[in-house]
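# Structure assessment
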Amino acid sequence: MIKYVKLVLLLMCITACNTSPNFISKKIDSNWQFKSVKDTFWLNAKVPGSVHTDLMQHGIIENSFYRLNEKKQQWIDKNDWEYKTVFNIDNAIFDKEIIELNFKGLDTYAHIYLNDSLVLNTNNMFVGNKLDCKSLLKLGENKLKIIFDSPIKIGLEKRKELGYVLPNAVNDQSENGGLGKKQVAVFNRKAGYHFGWDWGPRLVTSGIWQDIELHAWDKAIIRDVYIKQDLISKDVALLSTEIEIHATEAFKTLVNIKIDSVLSVQKEIELTEGVNKINVPVEIKNPELWWTNGLGKQKLYQVDVELGKPRKILATHTNQIGLKTLKVVQEKDSIGESFYFKLNGHSVFMKGANYIPQDVFLNRISREDYETVVKNMVEANYNMVRVWGGGIYEKDVFYDLCDTYGILVWQDFMFACAMYPGDQTFLENVKAEAIYNVKRLRNHTSIALWCGNNENLIAWKNWGWINELLNSQGQDVVDTVWKGYQDVFHNILPEVVAELDNDTFYWASSPTSARGEDSNLASGDYHYWGVWGQQQPFSTFNEFIPRFMSEYGFQSFPEFESVKKYTIKDDWDIYSEVMKSHQRSSIGNKSIERYMKSWYKTPKDFESFLYVSQLLQAKGMKIAIEAHRRNMPYCMGSLYWQINDCWPVASWSTIDYYGKWKASHYQVKDLYKPVKSMFYENEKDLELHIVSDNLINKKGHLSIEVVNFKGAVLKTLKSDINIEANTSHIYFTEAIKTLLNHHKKDDIFIVAKLLDDKHAMFDESLFFFKPPSKLKLTQPTFNYTIIKQEENKFLLEIATDVLAKDVRFSTAIHGRFSKNYFDMVPNETYTVYFNSEEPINIEKFKEDLNIMSLVNSY
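Here's a quick rundown of the structure. Since the structure is predicted, the reported quantities are computational estimates derived from the model, not experimental observations. (Residues numbered from 1 in each chain as written. Predicted model: local features only at pLDDT ≥ 70, side-chain atom pairs only at ≥ 80, totals over all residues. Heavy atoms only, no water.)

## Side note on the overall build of the protein
Along the protein, the regular secondary structure elements total 17 helices and 46 strands. A compact globule built from 858 residues would reach a C-alpha radius of gyration of about 29 Å, and the protein, at 28 Å, matches this within 12%. Referenced to the eigenvectors of the C-alpha coordinate spread, the extents of the protein come out at roughly 90 × 65 × 65 Å. A total of 858 residues make up the protein; the buried ones form 61% of that total. A separation of at least 24 residues holds for 71% of the contacts in the protein among residues at least 6 apart in sequence. With the model as given, the accessible surface of the protein reaches about 34,100 Å², and the carbon-plus-sulfur share is 48%. (Helix = DSSP H or I, 4+ residues; strand = E, 2+ residues; numbered from the N terminus. Rg over C-alpha atoms; globule rule 2.2 N^0.38 Å. Buried < 20%, exposed > 50% of the residue type's maximum accessible area, 1.4 Å probe, protein only. Contact = heavy atoms within 4.5 Å. Areas by Shrake-Rupley, 256 points an atom, 1.4 Å probe, with all protein chains shown as cover.)

## Some words on the sheet that holds strand β21 (residues 312–321)
An order of β18-β17-β20-β21 is seen for the 4 strands of this open sheet, with the pairing classed as antiparallel. Edge positions in the open sheet fall to β18 (262–271) and β21, since each of these has one partner strand only. Averaged over all adjacent pairs, the angle separating strand axes in this sheet is 20°, with direction ignored. Judged from the 9 bridges that link them, strand β20 (residues 301–309) and β21 form a sheet pairing that is antiparallel. (Pairing = 2+ DSSP bridges. Axes fitted to C-alpha atoms, helices over the stretch in contact; angles between N-to-C directions.)

## What about the sheet that holds strand β34 (residues 685–692)?
Strand order in the open sheet formed by 3 strands is β33-β34-β37, with antiparallel pairing between adjacent strands. Lying at the two open borders of the sheet, with one neighbouring strand each, are β33 (675–681) and β37 (727–735). Within the sheet, the average angular offset between the axes of one strand and its neighbour, ignoring direction, is 20°. Packing against the sheet, helix α14 (residues 606–630) makes contact with β33, β34 and β37, and its axis sits at approximately 105° to β33.

## Overview of the environment of Met 56
Considering the arrangement of structural elements, one finds Met 56 in helix α2 (residues 51–57). The exposure class of Met 56 is buried, given its relative accessible area of 18%. Discounting chain neighbours no more than four positions away, the residues touching Met 56 are Ile 61, Glu 62, Asn 63, Ser 64, Phe 361 and Arg 364.

## Let's talk about a positive patch on the surface
Where like charges cluster on the molecular surface, the positive patch consists of Lys 601, Lys 745, Lys 770 and Lys 774. Position of Lys 770 relative to the elements: it lies in the loop between β39 (761–768) and β40 (782–790). (Patch = residues over 30% accessible without salt bridge, like charges linked within 9 Å, V, L, I, M, F, W, Y side chains within 5 Å. Salt bridge = Lys/Arg side-chain N within 4 Å of Asp/Glu carboxyl O. Lys, Arg positive; Asp, Glu negative; His and termini not counted. Charge placed at Lys NZ, Arg CZ, Asp CG, Glu CD.)

## A short note on the pattern of salt bridges
Side chains that differ in sign of charge can pair as their charged atoms come close. This model, assessed by the stated rule, comprises 43 salt bridges. Among the salt bridges present, the one from Asp 211 reaches Lys 27, with a minimum N-O distance of 3.4 Å. Residue Asp 211 is located in the loop between β13 (207–208) and β14 (212–217), and its partner Lys 27 is located in strand β1 (residues 24–27); the two are separated by 184 residues in the primary sequence. With a closest N to O distance of 4.0 Å, Asp 806 and Lys 805 form a salt bridge. Like Lys 805, Asp 806 is buried. Within the structure, one salt-bridge network assembled from shared partners comprises Asp 670, Lys 673, Lys 676 and Asp 763.

## Side note on the side chain of Ser 36
With respect to the helices and strands, Ser 36 occurs in strand β2 (residues 33–36). Residue Ser 36 is classed as buried on the basis of its relative accessible area, which comes to 2%. Setting aside anything within four residues of it in sequence, one finds Ser 36 in contact with Asn 79, Asp 80 and Trp 81.

## Points about the nonpolar core
Trp 32, Ile 146, Tyr 382, Phe 398, Phe 413, Leu 493 and Phe 809 are the most contacted members of the largest nonpolar core, which has 188 residues in total. Per-element tally for this core: the top contributor is α14, with 12 residues. Counting 29 residues, the second-largest nonpolar core is a separate cluster that includes Ile 245, Ile 284, Ala 315 and Leu 323. (Core = buried A, V, L, I, M, F, W, Y, C linked by side-chain atoms within 4.5 Å.)

## Quick word on the packing of aromatic side chains
Tallying each qualifying case throughout the model produces 66 aromatic pairs. Centre to centre, the rings of Phe 65 and Tyr 657 are 5.4 Å apart; their planes meet at 85°, and the pair counts as edge-to-face. Taken together, the residues Phe 65 in the loop between α2 and β4 (81–89) and Tyr 657 in the loop between β32 (637–640) and α15 (663–671) connect sequence positions 592 residues apart. Given a relative accessible area of 3%, Phe 65 falls into the buried group. When the centroid spacing of 6.5 Å and the interplanar angle of 25° are considered together, the rings of Phe 538 and Phe 541 count as stacked. Considered together, Phe 538 and Phe 541 belong to a single accessibility category, that of buried residues. In this structure an aromatic cluster arises from ring pairing among Tyr 528, Trp 529, Trp 532, Phe 538, Phe 541, Phe 544, Tyr 552, Phe 554, Tyr 595, Trp 599 and Trp 652. Here the guanidinium or amino end of Lys 461 rests over the ring plane of Trp 482, the centre of that ring lying 6.0 Å away. It is Lys 819 that lies over the ring of Phe 822; its NZ or CZ is 4.8 Å from the centre. (Phe/Tyr/Trp six-rings, centres within 6.5 Å; stacked < 30°, edge-to-face > 60°. Lys NZ or Arg CZ within 6 Å of the ring centre and 35° of its normal.)

## Quick notes on a negative patch on the surface
Negative charge collects at one region of the surface, where Glu 368, Asp 369, Glu 837 and Glu 838 lie side by side. Here Glu 838 is to be found in the loop between β45 (830–836) and α17 (842–848). Since its relative accessible area comes to 42%, Glu 838 is described here as partly exposed.

## Observations concerning the side chain of Asn 344
Its place among the elements puts Asn 344 in the loop between β23 (340–343) and β24 (346–348). With a relative accessible area of 12%, Asn 344 lands in the buried category. Beyond its immediate stretch of four places on either side in the chain, Asn 344 contacts Leu 289, Trp 290, Trp 291, Leu 323, Lys 324 and Thr 325.

## Considerations on the packing of α14 against α15
Close contact between α14 and α15 brings their axes to 8 Å; oriented N to C, the two are set at 25°. Comparing their axes, α15 and α14 come out roughly parallel. Pair α14 / α15 crosses with right-handed handedness. Contact with α14, carried on its side by Gln 614, Leu 615, Gln 617, Ala 618, Met 621, Lys 622, Ile 625, Glu 626 and Arg 629, involves Ala 663, Ser 664, Gln 667, Val 668 and Leu 671 of α15 and no other residues of that element. Its residues assigned to classes, the contact of α14 with α15 comprises 7 nonpolar, 4 polar and 3 charged. (Parallel < 35°, antiparallel > 145°, perpendicular 65-115°, else oblique. Left-handed = near helix turned anticlockwise from the far one by under 90°. Nonpolar A, V, L, I, M, F, W, Y, C, P; charged D, E, K, R; others polar.)

## Quick look at helix α10 (residues 475–500)
For α10, built from 26 residues, the straight-helix expectation of 38 Å at 1.5 Å per residue is met to within 8% by its first-to-last C-alpha distance of 36 Å. By the largest-angle criterion, Asp 487 marks the main kink of α10, which is about 30°. (Expected span 1.5 Å × (residues − 1). Bend = angle between axes of the 7 residues up to and from the residue.)

## Points about unusual backbone geometry
Working note: non-glycine residues mostly have negative phi, and peptide bonds are mostly trans. Between Val 47 and the following residue, Pro 48, the backbone shows a cis peptide bond with an omega angle of 0°. Within the secondary structure, Pro 48 sits in the loop between β3 (43–44) and α2. Of note, the bond from Met 632 into Pro 633 is cis; its omega dihedral lies within 30 degrees of zero at 10°. Mapped onto the fold, Pro 633 is located in the loop between α14 and β32.

## Things to note about the environment of Phe 541
You can see Phe 541 is positioned in the loop between β30 (526–527) and β31 (549–551). By relative accessible area, which is 1% here, Phe 541 ends up buried. Taking the C-alpha atoms as reference points, Phe 541 and Gly 474, 67 residues apart in sequence, are found 39 Å from one another. When near neighbours in sequence (up to four residues on either side) are disregarded, Phe 541 contacts Tyr 528, Val 531, Tyr 552, Gly 553, Gly 620, Ile 623, Ala 624 and Ala 627.

## A word on the environment of Gly 49
As for its position among the elements, Gly 49 is in the loop between β3 and α2. Given a relative accessible area of 4%, Gly 49 falls into the buried group. Distance in space between the C-alpha atoms of Gly 49 and Leu 362 is 7.8 Å, their sequence separation being 313 residues.

## Regarding the packing of helix α9 (residues 465–473) against α10
As a packed pair, α9 and α10 sit with axes 7 Å apart at the nearest point and diverge in direction by 140°. Judged by the angle between their axes, α9 and α10 are oblique. Contacts between α9 and α10 involve Ile 466, Leu 469, Leu 470 and Gln 473 on the former and, on the latter, Gln 475, Val 477, Val 478 and Val 481. In terms of residue class, the contact of α9 with α10 is built from 6 nonpolar, 2 polar and no charged.

Right, dumping it as structure tokens:
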């Protein structure tokens, strides 16, 4: 806990920006009340917050995620809502030359009144607004009121005014909201997933979703600092510090730039009244580079910019930056064109997932939640995460954590799976949104790529939209819709990135092979949904190998303890109304059941079905990730769909809404290791591939054993190997017939072990000749000891007498096992740690520990 507090304080310091005595900052977060505009009584409100969470706080609505409550709450988004507060201005603030209100995030259509005067109207959830308000403020008590228009009412008005009908936005659950086919999500610049998705509910929020702050200052303030990395070499880093200063008068002063608290540059400048832009070169000798997780350290330099003379500092601005070179390499070859990231001169295979907002109600996501999700990435050996385009541009703390822990961010702009309006008002709104967020995020070392949208282009070209519009509205409408697409994704967004962050690569749409071109396997990035969407078998993951796989996946249910939190016993059937409601894919539960029949025996009960669904998901993920990594350097990225959930649901996530790791996240942790062995069966032979992300070769020992389910070793092959750096190679090939040697396929398996120079095992992979449903499994007997290592940490040493497949540890105690849902080779001892979230005694842990394997599920 102490480590967490220290990190939070560091991140607060990074994002605070201004600590000058000349600058006063005050949060407007108390005394808030709210009501429906048509009501007369006021209730206390929490800010930041949302209408839904405020209504829950007062018991007016129940938990939106429990059972079918979501359906009862669709009236909320049809209403207009009003928030008000009073705040005090003392002399210290009132005497300042400039007093501003900073609205960091209003969702979405807000009319802001200060002391009964209308001062601002907003129409974009993703854009913060600063308001010079000194002339309207009074010494003492001041009134602030914000009226939020219904995004549904506004959306319907904009839909009617457009003059033509856009293609069906498939994820907008308008019918659940009582709107029939009148979808309005695309008309609102707010989080698309609020209107529903194929993994999320329809809960369209309004409210003050980020902080409101009062800022007061005299003479000058630093508005923005952009630190551009002009040259990075072994000996020196040359930076350009582009500083934007707002001055209330013309005067001469000093700019001081400190690197890690040491003065690097001092420059005299002459400011004019208004906005001033100053460029100051900075040099860092013998720079220490920033690396992704697994490749090196994440050195962050603190860059402090001070405005003013010694002992009379007017303004300060703080950033933390990592020094790196990062390029997206697209080179023509005999097959098509490469697509990979080159970090500090080295090609890097990207391992990670797609990320969605952690809750429908964004105000409920804490700093601790952000740290937890990023640490879950780090622990699972990620080096990249994709912030997907139907959610939000995340809060600064998310990117601070990615900077700190070495996770690169593929950053979508907030457009997904739809065609959008192309009128001038919409385009101007989009441009303002892009400018605001590119400027806000561009200094983050983690930002690796700006992507225009998610699947808009492939939807336009492949989902029947062109013919739908052509047949119903004519060629002129087709041309108008396509022009709107080009205006946003081929003009506005790339122009903003080129102007404000031209070091960062812009990619117009994911997936695509080139700007305006459909995706293919030979160039660009790819989303493979043959598995799941088209009901293709898992084996097709081995056939569809792109240059960079930015989406793929398979669903599972949360574990039983999680399901209990949103259901009652009567709901414990995957086809109950509640379980179907907490599944938003139209083919969801039936698809899980159908795929399960190909791999597993029928589970004996509901709880076992949930468990086996997670094994099934992990199986699919294993085949996919091994195919991607095995085929490097042709394929140089694997970002699965998705790491997390925004509510409790059956989905593609590897961690459920309550933070519980599914079997697949444990599987990903193993599959994304820097050095990983993996079997591949071709027509006649069994191959062992070893993939290394390391930048230097590694000597080791390879042991391959043929073992029966009782633990007898039937054959052993050993060799010394040199694992080549940053590539994939085959290190073992043997005819399957030779390996079987007349033994039956249903009761033997192959074990590959990688050992270091001291013969310590650092990787183990197993291969079975039959799917789990065809294996002759018997009931294992587990022998284990539990040792308490720390107040919150236990060590479990465990062995089994026969093959134990998909061993799962569980306990009601809050915490996590270091290893879970794994196969145990007979007579080997496995070490597993359990880290509890609170101090517990060993007897309680022993009493509560439950161990099961696949044989217990049927």
